[in-house]
Amino acid sequence: MSDVALDSDNLIRVMPEALANKIAAGEVVQRPASALKELIENAVDAGADSVEIILKDAGSELIQVVDSGSGMSRDDAQACFRRHATSKIASIKDLERIRTLGFRGEALASIASVAQVELRTKRSTDSAGFCVRIDGGEVVGSEPCATRDGTSISVRNLFYNVPARRNFLKTAATELRHCVETFQFLALSNPSIAFVLHHDDLELYRLPAESGGGFMEMLHGRIQTLFDDDYVERTVAVEEQTSYLTVRGYVGEPEMHKRSRGEQFLFVNGRYVRNRSLDHAIFSSYRNLLPEGTYPFFALFLTLDPSRVDVNVHPTKAEIKFDDDRGIYNFLKSIVRKGLGSVMQTPQIDHSDGHWSATEMPRPFRFDGSSFGNPPSTHNDTRPFDADAPGTISERLFGGSPPPGHRTGGLGRDTATVDDTLLWQLHDKYILTQIRSGLMILDQNAAHERILYERSLQNIQTGLGLSQQLLFPQTVEFGQADLALLQELMRDLRALGFDLELFGGMSVVVRGVPADIQSGDERTVLEDVLTQFKTNRDRVKVGSRENLARSVARRSAIRPGTRLSPKEMRSLIDQLFACEMPYACPHGRSTIVKIPIEELDKRFSR
Ligand code: ADP
Ligand code: MG
């Protein structure tokens, strides 16, 4: 037996609270910057409109945060240092709709157990404030005091009673860098709050509250005062909203790259997060644009249904889990890539109207399809399909009326004018076409799924789905459970274009199906959509309408192996680029891959 084995006299005991806090502090407070984060977050949660921070010796001697927030009552001032003391959640239900940065009620208890803390706080309605002093978790004083409205907390000599940790701190320069980074991300995500940061005798930052304008303007202003001017001149706005995910913020132009990491700010539902996979998604949007070993600047805010994100996987809440990692990865990657695309215009189309013609501008050598027996195009209004070029979408193809879901005036929307002679279908599943920057490849199935998905979602919402009547109405038998589901979805199914009626006990008469369903394929569509709906419901947490739209799209999209005519290919591309989010199918698979001409040149050693 080893001598560390428990002997039989050992009893299980409940730890004293001070000891439990000290152990928990190991998770919540790793270094001065983590204490700073908790204190600023509390100030933000308390509704402060200004926050002043004073650091001494990179925070290891003093971290003081003074806010103009709500302040605390005398009772709360004493209670707030107790473990699991929080005013922010009261029940399990609250966990699902957290609006505050804190909610675990652990931070102050943990910090106070490993430092000497003084809290001074006052609510505007109280005539006097209250002061509490705690050393290493023991209350050493509490009395009324004179203080301003709001709260001031000073944390001195962090880890003074945990020598192992104190010795483990890095150099002052490193610890200060972590504090500044923490300050930066909290300042970025709260532009309406004024911040000041002092270190020793220097004022490092003074950031006025940003007001007026919308989110993007305020963030822009904050980036300008927080960083150098060229951050503003050389960043690209990214703004993309889908029913699933909103991404807003700024990314640095590739030329603005940094030798080191540290200016990558990613927020999910307002909370700064570090997530390797999302970082990777953003980095990979810069692929081939950044020199090896350099990093882009970005400040991006993702917003999605809170029930799809679990922030509670780690005590500092900087790590998160998503219910659909891959989907978010692909969305983010394509959205950033698109934002970058808008500034990566090569000067090939420089006519003021964005058009070029064969007569005015002789084309350089191009692979024009003539070797496939198609005549080379000579007419004037033709140019290679170009997903990166500015211009009008599809007017010629749709006789001036845009397809459903087409938005006009979108920011930097990709546009397309397609030349049939520049389209090839590869193995009956990929569509190849020339774009200005090289070669574009579409996955016909994924692309069609995206189109049908957006159209279905829109039809469900507007109730305007077109129906094609069946020549022979069909009677379908359902089990009890499916019938209940069907009844639940009836309104939305009808909106999609299903013409249904309950008939007798367990059967349904199908008189019409959505107009998008390929002919010859109508018979099993209702059952198939229901089956797909049930599979999705078990796998991903999405709302019932979104699920239904996904199911219809998955069920009805053209399959790999379907031969398409040039006209069909053209229409597919055009409809794809009229989509809100053309770059990924609803499940997150890419719809498009672009291969830059440089890549081909490299492979041919040109
Ligand atoms: P949490 O933020 O997870 O609730 P904390 O330990 O950080 O837990 O804070 C405990 C409680 O103390 C908070 O819920 C809040 O009620 C109160 N509190 C802490 N800091 C402040 C502050 N600066 N202003 C007002 N109240 C505060
Ligand atoms: Mg907190």
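Residues numbered from 1 in each chain as written. Chains lettered and ligands numbered in written order. Predicted model: local features only at pLDDT ≥ 70, side-chain atom pairs only at ≥ 80, totals over all residues. Heavy atoms only, no water.

**Some points on the overall build of the protein chain**
- Check the secondary structure of the protein chain and you find 17 helices and 22 strands.
- Taken over 606 residues, the protein chain has a buried fraction of 50%.
- Sequence-distant contacts in the protein chain: of pairs separated by 6 or more residues, those separated by 24 or more amount to 70%.
- When the accessible surface of the protein chain is summed, it comes to about 29700 Å², and 51% of that surface belongs to carbon and sulfur atoms. (Helix = DSSP H or I, 4+ residues; strand = E, 2+ residues; numbered from the N terminus. Buried < 20%, exposed > 50% of the residue type's maximum accessible area, 1.4 Å probe, protein only. Contact = heavy atoms within 4.5 Å. Areas by Shrake-Rupley, 256 points an atom, 1.4 Å probe, with all protein chains shown as cover.)

**What to know about the packing of helix α13 (residues 480-496) against helix α14 (residues 525-539)**
- Two elements in contact, α13 and α14, have axes separated by 12 Å at closest approach and are oriented at 100°. Put simply, α13 runs roughly perpendicular to α14. The residues of α14 that touch α13, namely those facing D482, L485, L486, L489 and L493, are L526, L530, F533, K534 and R537.
- Tallied by class, residues from the contact of α13 with α14 come to seven nonpolar, no polar and three charged. (Axes fitted to C-alpha atoms, helices over the stretch in contact; angles between N-to-C directions. Parallel < 35°, antiparallel > 145°, perpendicular 65-115°, else oblique. Nonpolar A, V, L, I, M, F, W, Y, C, P; charged D, E, K, R; others polar.)

**Brief notes about the packing of aromatic side chains**
- All told, the structure shown has twelve aromatic pairs when counted by the stated rule.
- Taken together, a centroid distance of 6.4 Å and an interplanar angle of 85° make the contact between F577 and Y583 edge-to-face.
- Classification of F577 by relative accessible area gives buried; the value is 0%.
- Of the residues examined, Y583 reaches a relative accessible area of 10% and is grouped as buried.
- Taken together, F185, F215, F227, F265, F267, Y272, F297 and F301 form an aromatic cluster joined through their ring pairs. (Phe/Tyr/Trp six-rings, centres within 6.5 Å; stacked < 30°, edge-to-face > 60°.)

**Some thoughts on the site of ligand 1**
- N42, T86, S87, K88 and G105 are the nearest of the 18 residues found near ligand 1.
- Interatomic distance of 3.3 Å between a backbone N/O atom of A107 and an oxygen atom of ligand 1.
- Between T151 and ligand 1, the recorded distance is 3.3 Å, taken from a side-chain N or O atom to a nitrogen atom.
- If ligand 1 stood free it would expose 530 Å²; the protein chains cover 93% of that surface.
- By residue class, the composition of the shell around ligand 1 is seven nonpolar, seven polar and four charged. (Near = heavy atom within 4 Å. Polar contact = N/O pair within 3.5 Å; in protein donor to acceptor, adjacent residues only side chain to side chain.)

**Regarding the pairing of strand β17 (residues 430-435)**
- With four bridges connecting them, strand β16 (residues 423-426) and β17 associate as antiparallel partners. The residue of β17 that forms the bridge with Q425 is I431.
- Relative to strand β18 (residues 438-443), β17 runs antiparallel, the two being bridged by six bridges. Note that in β18 the partner of I435 across the bridge is G438.
- Hairpin connection between β17 and β18: a loop of two residues separates the two successive antiparallel strands. (Pairing = 2+ DSSP bridges.)

**Some details on the sheet that holds strand β21 (residues 507-514)**
- With respect to topology, three strands assemble into an open sheet ordered β19-β21-β20, the strand pairing being antiparallel. The outermost strands of the open sheet, each flanked by one partner alone, are β19 (467-477) and β20 (499-503). Averaged over all adjacent pairs, the angle separating strand axes in this sheet is 15°, with direction ignored.
- Two strands pair when backbone bridges link them, and β20 and β21 are joined in this way by five bridges, in the antiparallel orientation. Bridge assignment links L502 to a residue of β21, and that residue is V508.
- Contacts between α13 and the sheet are confined to β20 and β21, with β20 contributing the most and set at about 150° to the helix.

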